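Each chain, written out:
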Amino acid sequence: MIATILLSIGIVFLAELGDKSQLMALTFALRYRWWVVLGGIATATALVHVLSVAVGHFLGAALPTTAIALVAALMFLGVGLWTLRENLDESAGDEPNPPRSSKAPYFVVLSAFLLAELGDRTMFATAALATDNNWFAVWLGSTLGMVAADALAIAVGIVIGKHLPERAIGLAAGLLFLYFGAATLLAAVLPDLGLLLGAAFALIAPAIAGAVLLSRRARRRPVIDREDTALSATTPRRSQV
């Protein structure tokens, strides 16, 4: 059983290196507290891998991966647009923002990883392992392996986040989620497109969003400059003593 746990940890950890799950974990770590992100990832991973070992060990059946991928793509696009809109609203004023609750980010991370991992290669690897090994050992090892890989990405996100402004982090996170959503949507709708072409076409969504952000910022800057000029003109100067 210990050998199965170690085997599952190694396979899933290596499969997650450079995968979109690590990029998602890094993106979430740039935006939310690390323990909230890790908790959401651990919960989603445990749930998904319970299903995968059940599929591999008890059922031997496949899931409707195309429908799941479409739902995941729509969720990524929605999270990306929500993040961008949130940062645009914050940039409209100079008032300090109230502290964010940790409940909403937890469920955002949980639902995003739950949909992203359904039908992913790690799920199929876990299901394949469960066909010939102890299902509990496979579930435990695969969960630990994925959490460890994503914890590594979270640590990278924490280090990066210390050197970047919060608004830039939010905008980058929104654009990354738009890319994930577009890439997942293209892979589900056009599976024969290929990895490189799919990745290239997926860049169109964040590119368009970035262009819109730049144009809105360019239109807003002259208005802010005029308001600052008018404020400085009406502010009385202090007399020199």
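Predicted model, so just to flag it, every value in this text is computed and none were measured.

Chemist: What is the right way to look at the packing of aromatic side chains in this model?
Modeler: The description of an aromatic ring pair uses the distance of the two centres, along with the angle that the planes make with each other. Summed over the entire model, instances satisfying the criterion amount to nine aromatic pairs. Ring pairs connect the aromatic residues Phe 28, Tyr 32, Phe 113, Phe 177, Tyr 179 and Phe 180, which therefore count as one cluster.

Chemist: Looking at this structure, I do not really get the packing of helix 1 (residues 2-16) against helix 7 (residues 135-161). What am I missing?
Modeler: In a packed pair of helices, the relevant descriptors are the angle between the two axes and the axis-to-axis distance. Between helix 1 and helix 7, whose axes approach to 7 Å, the crossing angle comes to 35°. As for how helix 1 packs across helix 7, the hand of that crossing is right-handed. Across the interface between the two elements, Thr 4, Ile 5, Ser 8, Ile 9, Val 12, Phe 13 and Glu 16 of helix 1 pack against Ala 137, Val 138, Leu 140, Gly 141, Ser 142, Leu 144, Gly 145, Met 146, Ala 148, Ala 149 and Asp 150 of helix 7. A per-class count over the contact of helix 1 with helix 7 returns 11 nonpolar, five polar and two charged.

Chemist: How should the confidence of the model for the chain be read in this particular structure?
Modeler: Detailed reading of the predicted model is not advised wherever pLDDT is low. Across the chain, pLDDT averages 76, with 79% of residues at or above 70. Note on residues 93-102: pLDDT is under 50 here. Beyond four places in sequence and across chains, it has seven contacts.

Chemist: Got a minute to help me understand the environment of Trp 139 in this structure?
Modeler: You can see Trp 139 is positioned in helix 7. Each C-alpha atom, one on Trp 139 and one on Leu 51, is 9.3 Å from the other, the two residues being 88 residues apart in sequence. Beyond its immediate sequence surroundings of up to four residues, Trp 139 is in contact with Ala 46, His 49, Val 50 and Val 53.

Chemist: Please explain the side chain of Thr 4 as it appears in this structure.
Modeler: The topology assignment puts Thr 4 in helix 1. When its relative accessible area of 12% is taken as the criterion, Thr 4 is described as buried. When near neighbours in sequence (up to four residues on either side) are disregarded, Thr 4 contacts Asn 133, Asn 134, Ala 137 and Val 138.

Chemist: How do you make sense of helix 7 when you look at a structure like this?
Modeler: For an α-helix, the turn length of 3.6 residues means that residues three or four places apart are oriented alike. The first and last C-alpha atoms of helix 7 sit 38 Å apart over 27 residues, in line with the 39 Å expected at 1.5 Å per residue. One side-chain oxygen of the residue at the start of helix 7 lies 3.0 Å from the amide nitrogen of Phe 136, identifying that residue as Asn 134.

Chemist: Quick question: what am I supposed to make of the side chain of Ser 142 here?
Modeler: Within the fold, Ser 142 resides in helix 7. Polar side-chain contacts of Ser 142 include one of 2.8 Å to the backbone oxygen of Val 138. Ser 142 has contacts with Ser 8, Val 12, His 49 and Thr 126, leaving out every residue within four places of it along the chain.

Chemist: Before we go on, may I ask you to explain the packing of helix 1 against helix 6 (residues 121-132) in this structure?
Modeler: One can describe the packing of helix 1 onto helix 6 by two numbers: an axis separation of 10 Å at closest approach and a directional angle of 160°. Taken together, helix 1 and helix 6 sit at an angle that is classed as roughly antiparallel. Remark: the crossing between helix 1 and helix 6 carries right-handed chirality. Along its contact with helix 1, which presents Leu 7, Ser 8, Ile 11, Val 12, Ala 15 and Glu 16, the element helix 6 presents Arg 121, Thr 122, Ala 125, Thr 126 and Leu 129.

Chemist: For this particular structure, what's the right way to read a nonpolar patch on the surface?
Modeler: A surface patch of nonpolar side chains, about 450 Å² in accessible area, is lined by Leu 197, Phe 201, Ile 204, Ile 208 and Val 212. Residue assignment for the nonpolar patch shows that the elements contributing at least two residues are helix 9 (195-202) and helix 10 (204-234). With three residues, the top contributor of residues to the nonpolar patch is helix 10. Its location among the elements puts Val 212 in helix 10.

Chemist: Mind showing me how you'd approach the environment of Ala 125 here?
Modeler: Among the structural elements, Ala 125 can be located in helix 6. In this structure Ala 125 comes out as partly exposed when scored by relative accessible area, which is 24%. In this structure the C-alpha to C-alpha distance between Ala 125 and Ser 8, which are 117 residues apart in sequence, comes to 8.9 Å.

Chemist: Is there a simple way to think about the nonpolar core in this case?
Modeler: What tends to happen in soluble globular proteins is that the nonpolar side chains get buried as a cluster. Ranked by internal contacts, the top residues of the largest apolar core, which has 28 residues, are Met 24, Phe 28, Val 37, Ile 41, Phe 76, Val 109 and Phe 113. Of all the elements in the fold, those that place two or more residues in this core are helix 2 (20-31), helix 3 (34-59), helix 4 (65-91), helix 5 (103-117), helix 7 and helix 8 (166-189). Formed by six residues, the second largest nonpolar core is a distinct cluster that contains Ala 46, Val 53, Ala 130 and Val 138.

So, how was this worked out
- Residues numbered from 1 in each chain as written.
- Predicted model: local features only at pLDDT ≥ 70, side-chain atom pairs only at ≥ 80, totals over all residues.
- Heavy atoms only, no water.
- Phe/Tyr/Trp six-rings, centres within 6.5 Å; stacked < 30°, edge-to-face > 60°.
- Axes fitted to C-alpha atoms, helices over the stretch in contact; angles between N-to-C directions.
- Helix = DSSP H or I, 4+ residues; strand = E, 2+ residues; numbered from the N terminus.
- Left-handed = near helix turned anticlockwise from the far one by under 90°.
- Contact = heavy atoms within 4.5 Å.
- Nonpolar A, V, L, I, M, F, W, Y, C, P; charged D, E, K, R; others polar.
- pLDDT = per-residue confidence, 0-100.
- Buried < 20%, exposed > 50% of the residue type's maximum accessible area, 1.4 Å probe, protein only.
- Expected span 1.5 Å × (residues − 1).
- Polar contact = N/O pair within 3.5 Å; in protein donor to acceptor, adjacent residues only side chain to side chain.
- Parallel < 35°, antiparallel > 145°, perpendicular 65-115°, else oblique.
- Patch = residues over 30% accessible without salt bridge, like charges linked within 9 Å, V, L, I, M, F, W, Y side chains within 5 Å.
- Areas by Shrake-Rupley, 256 points an atom, 1.4 Å probe, with all protein chains shown as cover.
- Salt bridge = Lys/Arg side-chain N within 4 Å of Asp/Glu carboxyl O.
- Core = buried A, V, L, I, M, F, W, Y, C linked by side-chain atoms within 4.5 Å.

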